[in-house]
Amino acid sequence: MTTLTEPVFRGQLLRRAYGSGNRTVYAVHNATATVWPGDRIAVTGASGSGKSTLLHLMAGLETPTSGNRSWPGLGRSPDRDPASIGVAFQAPSLLSPLNVVENVELPMLLKSYRRGRHASGRSPPWSTCM
Ligand SMILES: Nc1ncnc2c1ncn2[C@@H]1O[C@H](COP(=O)(O)OP(=O)(O)O)[C@@H](O)[C@H]1O
Ligand SMILES: [Mg+2]
């Protein structure tokens, strides 16, 4: 349940690095942000400045290399899963061999496999599409 008195998202000193050693790229470097219910926010910057990575961190689609984040206003599931955040991707992200329902189901299936709910050892049903 959404609680209007708490932020939807809170992030402190978020970093997301790609690569390693002298090839490390910090897509996001020490970003701190609080988003309240009803906020309308524009993230602007040059191409490659980290906008998409920041949004992915805020939506729970990427894991920060360091820093803290939480979704206090979205309820308190045990793992603080921000499942109720929707993301409209910039690039096409639907799999054409799947119908609409299967495309919607796919992230849920991936999530349950990641959590080990399907320990059958079989290939997941969507694997032939990838
Ligand atoms: N998965 C990735 N692997 C390696 N580098 C990445 C990855 N995603 C983003 N980057 C790099 O991080 C930086 C920020 O990218 P991005 O968040 O897509 O910026 P923007 O959305 O502002 O264009 C860029 O230098 C980009 O090349
Ligand atoms: Mg982008």
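Conventions and cut-offs
Residues numbered from 1 in each chain as written. Chains lettered and ligands numbered in written order. Predicted model: local features only at pLDDT ≥ 70, side-chain atom pairs only at ≥ 80, totals over all residues. Buried ≥ 20, exposed ≤ 12 C-beta atoms within 10 Å, placed from the backbone. Helix = DSSP H or I, 4+ residues; strand = E, 2+ residues; numbered from the N terminus. Arc of directions from axis to C-beta. Core = buried A, V, L, I, M, F, W, Y, C linked by C-beta atoms within 7 Å. Contact = placed C-beta atoms within 7 Å. Near = placed C-beta within 6 Å. Nonpolar A, V, L, I, M, F, W, Y, C, P; charged D, E, K, R; others polar. Pairing = 2+ DSSP bridges. Axes fitted to C-alpha atoms, helices over the stretch in contact; angles between N-to-C directions.

Draft legend 1. Quick look at helix H1 (residues 51-59). Among the residues of H1, Thr-53, Leu-54, Leu-57 and Met-58 are the ones counted as buried. Take H1 and look down its axis: the buried residues cluster within an arc of 140°, on one side only. In the stretch just after H1, Gly-60 is the one whose phi turns positive, near 80°.

Draft legend 2. Region of interest: the nonpolar core. One finds Val-8, Phe-9, Leu-14, Ala-27, Val-28, Ala-31, Leu-54, Leu-57, Met-58, Trp-71 and Leu-74 forming the largest nonpolar core, which totals 11 residues. Elements represented by at least two residues in this core include exactly strand E1 (9-18), strand E2 (25-35) and H1. In this structure, Met-58 is in contact with Phe-9 and Gly-11, ignoring residues within four places of it in sequence.

Draft legend 3. Spotlight on the site of ligand 1. As a structural note, the neighbourhood of ligand 1 is formed by Tyr-18, Val-25, Ala-27, Gly-45, Ser-47, Gly-48, Ser-49, Gly-50, Lys-51, Ser-52 and Thr-53. Looking at the shell around ligand 1, the elements that each hand over two or more residues are E2 and H1. With three residues, H1 is the largest single contributor of residues to the shell around ligand 1. Residues belonging to the shell around ligand 1 are distributed by class as follows: three nonpolar, seven polar and one charged.

Draft legend 4. Spotlight on the sheet that holds E1. Strand order in the open sheet made by the three strands is E2-E1-E3, with antiparallel pairing throughout. The sheet is open, and its two edges are formed by E2 and strand E3 (66-70), each paired on a single side. Across this sheet, the average inter-strand angle for adjacent strands is 20°, counted without regard to direction. With four bridges joining them, E1 and E3 adopt antiparallel strand pairing. Bridged to Arg-10 within E3 is Ser-70. Its contacts with the sheet place H1 against E1, E2 and E3, and it is angled at close to 125° to E1.

Draft legend 5. A look at the pairing of E2. Here seven bridges tie E1 to E2, and the two strands are oriented antiparallel to one another. Pairing of Arg-10 across the sheet is with Thr-34, part of E2. Adjacent in sequence and paired antiparallel, E1 and E2 are bridged by six residues, among which Gly-19 carries a positive phi angle near 80°.

Draft legend 6. Here's a closer look at the environment of Ser-49. Relative to the assigned elements, Ser-49 resides in the loop between E2 and H1. Along the chain, Ser-49 and Val-28 lie 21 residues apart, while their C-alpha atoms are 7.9 Å from each other.

Draft legend 7. Focus on the environment of Thr-63. Relative to the helices and strands, Thr-63 resides in the loop between H1 and E3. Along the sequence, Thr-63 and Arg-15 sit 48 residues apart, while their C-alpha atoms lie 9.2 Å from each other.

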